[in-house]
There are 2 protein chains.
Amino acid sequence: MRTAADESFVETLRDAVPGLSLGAPGASYLEEPRGRYHGLGGVLVKPTSTEEVAAVLKHCHAAGVAVLPYGGGTGLVGGQITEDGPVPVILSLEKMNAVRAVTGHVLEIEAGATLLEAQQAAEGAERLFPLTIASQGSARIGGVLATNAGGVNVLRYGNARELCLGVEAVLADGTVISGLKHLRKDNTGYDLKDLLIGSEGTLGIITAATLRLFPRPAAVGTAMMVVESPAAALELLELAEARMPGCVSAFEMISGQGLRFLDEVGPEVHQPFEARPDWSVLIEIGLPEGLAPEEALAELFEAAEGLVSDGVIASSESQRAEMWSLRESLPEANKRIGSISSHDISLPLPKLAAFIEEARDALLDLGNIRINCFGHVGDGNLHFNAFPAEGRDRKEYENLRRAIPETVYDLVDRFGGSISAEHGIGRLKVGDLERYGDPGKLAAMRAIKAALDPKGILNPGAVLAER
Amino acid sequence: MRTAADESFVETLRDAVPGLSLGAPGASYLEEPRGRYHGLGGVLVKPTSTEEVAAVLKHCHAAGVAVLPYGGGTGLVGGQITEDGPVPVILSLEKMNAVRAVTGHVLEIEAGATLLEAQQAAEGAERLFPLTIASQGSARIGGVLATNAGGVNVLRYGNARELCLGVEAVLADGTVISGLKHLRKDNTGYDLKDLLIGSEGTLGIITAATLRLFPRPAAVGTAMMVVESPAAALELLELAEARMPGCVSAFEMISGQGLRFLDEVGPEVHQPFEARPDWSVLIEIGLPEGLAPEEALAELFEAAEGLVSDGVIASSESQRAEMWSLRESLPEANKRIGSISSHDISLPLPKLAAFIEEARDALLDLGNIRINCFGHVGDGNLHFNAFPAEGRDRKEYENLRRAIPETVYDLVDRFGGSISAEHGIGRLKVGDLERYGDPGKLAAMRAIKAALDPKGILNPGAVLAER
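Residues numbered from 1 in each chain as written. Chains lettered and ligands numbered in written order. Predicted model: local features only at pLDDT ≥ 70, side-chain atom pairs only at ≥ 80, totals over all residues. Heavy atoms only, no water.

1. Re the interface of chain A and chain B
The test is simple: Residue contacts follow a heavy-atom distance rule, with two residues in contact if any of their heavy atoms lie within 4.5 Å. As a working definition, buried area equals the accessible area (1.4 Å probe) given up by two parts on being put together, with both sides summed. The salt bridge criterion pairs a side-chain nitrogen of Lys or Arg with a carboxyl oxygen of Asp or Glu, the two atoms within 4 Å. Whenever two N or O atoms come within 3.5 Å, that pair is a polar contact, provided that in protein one can donate a hydrogen and the other can accept it, and provided that, for residues adjacent in sequence, both atoms are side-chain atoms. We count a stretch as a helix when DSSP gives it H or I for four or more residues in a row; a strand needs E for two or more, and each element gets its number in order from the N terminus. Following the grouping adopted for this structure description, the nonpolar residues are Ala, Val, Leu, Ile, Met, Phe, Trp, Tyr, Cys and Pro, the charged ones are Asp, Glu, Lys and Arg, and the polar ones are all others, Gly among them.
In this complex, chain A contributes 87 residues to the contact, which on the side of chain B involves 87 residues. Of the roughly 6,500 Å² buried at the junction of chain A and chain B (both faces included), carbon and sulfur atoms supply 57%. For chain A, the biggest contributors to the area lost against chain B are K185(A), N187(A) and Y190(A); these three give 16% of the whole. Counting across the interface, chain A meets chain B through 14 salt bridges. Of the charged contacts in the structure, one is a salt bridge between R161(A) and D191(B), with a shortest N-O distance of 3.0 Å. The tally of links from chain A across to chain B stands at 43 residue pairs in polar contact (both at pLDDT 80 or more). Breaking the side of chain A that touches chain B down by element, the ones donating at least two residues are α5 (154-157), β8 (176-178), α6 (192-196), α7 (230-243), α11 (349-366) and α14 (439-452) of chain A. Of the residues that constitute the side of chain A that touches chain B, the class distribution is 36 nonpolar, 29 polar and 22 charged.

Spelled out as structure tokens, the structure:
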């Protein structure tokens, strides 16, 4: 049984942790970007050190008070909002945002720093921290790791998990795990780092991390190319990787629907192709010294004869920025149109093209729907989102709000894909995980949760259903 | 309390799993490469399917019989040998070695296949499975994953963990986890794959895995270069990675002692440098189309003026093979000399050179010792091994058998390194892990072990001390 973070508990905490920042949460802590969840309130706590985090958790654990870890608030699956149960402690590490150390290969940084701050710290050391997501100005490292964020550079550099060498974290009972290794190789016991990464704050609170830094590529090139189909996009990727193994850093597919949404509702961006192509890709490469990326992209374009019908190679930094601005405006256009249902999914690459066709047909059978399918196709990761027909409102589709995701996820499941490629489970997909998840995996997850957080105080209701 | 795998248990198993291969283990199952551990015997079981593995574990769990997972027997820390306790079931998956599927990006293979078989299956699909270790002809995929093997290509491609997309595994009670995803991105719940990888058979038995395949580099180049010191080697690496980010696939440091061991005891290999240099590196690069690796290496050599005093660039496949043969003969030469104590350690790169000096001085203070320090220096991973002086036998150093590793590990600990970079804990380093491991991490490991294997039947005594 959990208890509320009531006045008397707040008094206990105030006495036990002198100087701890404690207060009522502002509205921003009770909302999330898609407006589906509304927080029930609670006590906002902002520790300034790992010791304070440990002390807070120790007391919450003793009293059975729920702890809701809050990063930058940018999560899209409700992992940061609790709508029911006794009011929780909302734990924000925003005051812990120091860069603790930076070397040529490692950035040691506190969990409250934003992803952008981490990137900037790397830049300051003339290095690259390659993780890049649209919300990087607000998303904090703790949340980025807790949700194993992905983004546009996973293809070459890996996701948050692969970019993290170690974590410092606090378990439910206040036990501190000090794992801030600056090591590429360390086989000393179980991989708690990766267990905590992606656990969405249900197993522990990450307070700091060591992140991998990379040399910056000698030269970067960016292009947009028109392809006939998703299958052709994947063939183009294959060709690019065969010619430049390990050098393709982004390969984003964009559908004509997305481009037409931009025409319809903005944001206004430069579109490189007059006729909006049904399918195009944004490709970015980073090459060793001695190779000119524009030439390599031009050669790729030539080699891809038959696959690629048109293309533009960025010849300046501003043209590169324009291409990325187009790509990054797609989610905003989606938001303005207003989706009926959004799906962050991944598929095995050999099945991806067939999935897109089957899923489209299946959704069109359900009703008069527009589909914007785009994403990190090099990773097999699609944002496969359903929208109302032109001139209609999503409220008119209430009757399909369950049928659409079920149709998509059933198909994803049949194709051996994932119902959450990069956004996580949060609260939105708890039922979906129960339905599509492997029963053996779910049983093991519950056993681990019970072992590390026996009172279930950490982010209750996220990832795993409460029993 | 565990019970022995006695006659009556064997009968139970025989009845419960008809057709199961059951018998006495041959000598090879009771030995390990360094001759430190001698198995106490047991019942050798060779299942042919995941269902059989699950049935065996279920019965072992019910009866409290220990299960000793046995891969290729190549582990160097005694993880595959049990010397005490009731006699165990020795579980070998050697009959489960099928390639289940191979696509352009994924190899799905059973745990009993050797690493070499996995590499060959990738080659058959014109792909690369880059994990490369000396014992790859015998080491099996299950063991490679259970110990998170490393080797010479981690620098570019990652270790076993990073090369594995998913596992199928059986938990202690027979629960099957079906996680053979062919996906680069999958954020659906806790990362059990990475928890099982590196757990050395103490949390579950991996029965199959999906492994990442890569395009083969358009062109590969290999060189050996003479450097003045480990610090110069690291500067050379820095320079190489700045010029060819992501393209340096191996960077191995070799000490003069290692070369002199080869002169002294063989194996006979071609040595490129007449005078045995104190420090040299073997560097391998894989480049995109349009770049000639020999030229790139020659340019690197020129750019490294002041760092590199001599060098040989392989101009044929046979020269490449010769260089690798030299590198791969070092462990055999070590074996013939006979080490007093071997240390598979890793250090933060900025501290690696200072460590080598301090550790050498500290060991020379202990006695008349020869040190062969070599390894995957690009990953910060050293094999820092102590040998008797010329003409003396390691038996004469019995009095230092504890002092040497303690001295090395104390220093590793002080430098923020790892006491096991790639070989794991096994039984050899259980005490060291207790001594140097983070107490919070150890407590969490014990909680997880108790949750997933409450009777402690899986590889008892490995990784965690039994209480």
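2. A short note on the packing of aromatic side chains
The line we're drawing: Stacked, edge-to-face and tilted are the three classes for Phe, Tyr and Trp ring pairs, Trp counted by its six-membered ring, which pair at centre distances within 6.5 Å; planes under 30 degrees apart are stacked, over 60 edge-to-face, the rest tilted. Relative accessibility under 20% of the residue-type maximum defines a buried residue, over 50% an exposed one, and the middle range a partly exposed one, all with a 1.4 Å probe and only protein chains included.
Tallied over the entire structure, the rule returns twelve aromatic pairs over all chains. Residues F261(A) and F387(A) carry aromatic rings whose centres are separated by 4.8 Å and whose planes lie at 75° to one another, so their mutual orientation is edge-to-face. With a gap of 126 residues between them, F261(A) in helix α8 (residues 256-265) and F387(A) in strand β16 (residues 381-388) connect regions that are remote in the sequence. With respect to burial, F261(A) and F387(A) carry one shared label: buried. Ring geometry for Y409(B) against Y436(B): centres 6.2 Å apart, planes inclined by 75°, an arrangement best described as edge-to-face. Of this pair, Y409(B) sits in helix α12 (residues 403-414) while Y436(B) sits in helix α13 (residues 430-436), and the two are 27 residues apart along the sequence. Ring-pair connections join several aromatic residues into one group, and the members of that group are F355(A), F384(A) and F415(A).

3. A word on the sheet that holds strand β6 (residues 106-110) of chain A
Residue and element names in this part refer to chain A. Under the convention used in this document: Pairing between two strands requires that DSSP report at least two bridges joining them. Only the stretch in contact is used when fitting a helix axis, every axis being a line fitted to C-alpha atoms; angles between N-to-C directions are given from 0 to 180 degrees.
Strands sit in the order β5-β6-β9-β7-β8 across an open sheet of five strands; the sheet is antiparallel. Edge positions in the sheet fall to β5 (99-102) and β8, since each of these pairs with one other strand and no more. Along the sheet, successive strands turn relative to each other by an average axial angle of 15°, direction set aside. In terms of strand pairing, β6 meets strand β9 (residues 204-212) through five bridges, oriented antiparallel. By the bridge assignment, V106 is partnered in β9 with R212. Helix-sheet contacts for helix α3 (residues 115-124) involve β5, β6 and β9, and the interaxial angle to β6 is about 145°.

4. Observations concerning the packing of helix α7 (residues 230-243) of chain B against helix α9 (residues 293-303) of chain B
All names here are of chain B. Under the convention used in this document: Roughly parallel refers to an angle under 35 degrees, roughly antiparallel to one over 145, roughly perpendicular to one between 65 and 115, and oblique to any angle outside these ranges. Take the far helix as the reference: if the near one is turned anticlockwise from it by less than a right angle, the crossing is left-handed, and if turned clockwise, right-handed.
Put simply, α7 and α9 touch, their axes get as near as 10 Å, and they point 130° apart. Taken together, α7 and α9 sit at an angle that is classed as oblique. Here α7 and α9 pass one another in a crossing that is right-handed. When α7 is examined against α9, the residues L236, L239, A240 and R243 are found in contact with a partner set consisting of E299, L300 and A303. Here the residues of the contact of α7 with α9 are counted per class, giving five nonpolar, no polar and two charged.

5. Observations regarding the sheet that holds strand β15 (residues 369-374) of chain B
Residues and elements named next belong to chain B. The three strands lie next to each other as β14-β16-β15, forming an open sheet whose pairing is antiparallel. Edge positions in the sheet fall to β14 (344-346) and β15, since each of these pairs with one other strand and no more. Averaged over all adjacent pairs, the angle separating strand axes in this sheet is 30°, with direction ignored. As defined by bridge partners, β15 adjoins strand β16 (residues 381-388) across six bridges and the pair is classed as antiparallel. Its bridge partner lying in β16, I369 is registered against P388.

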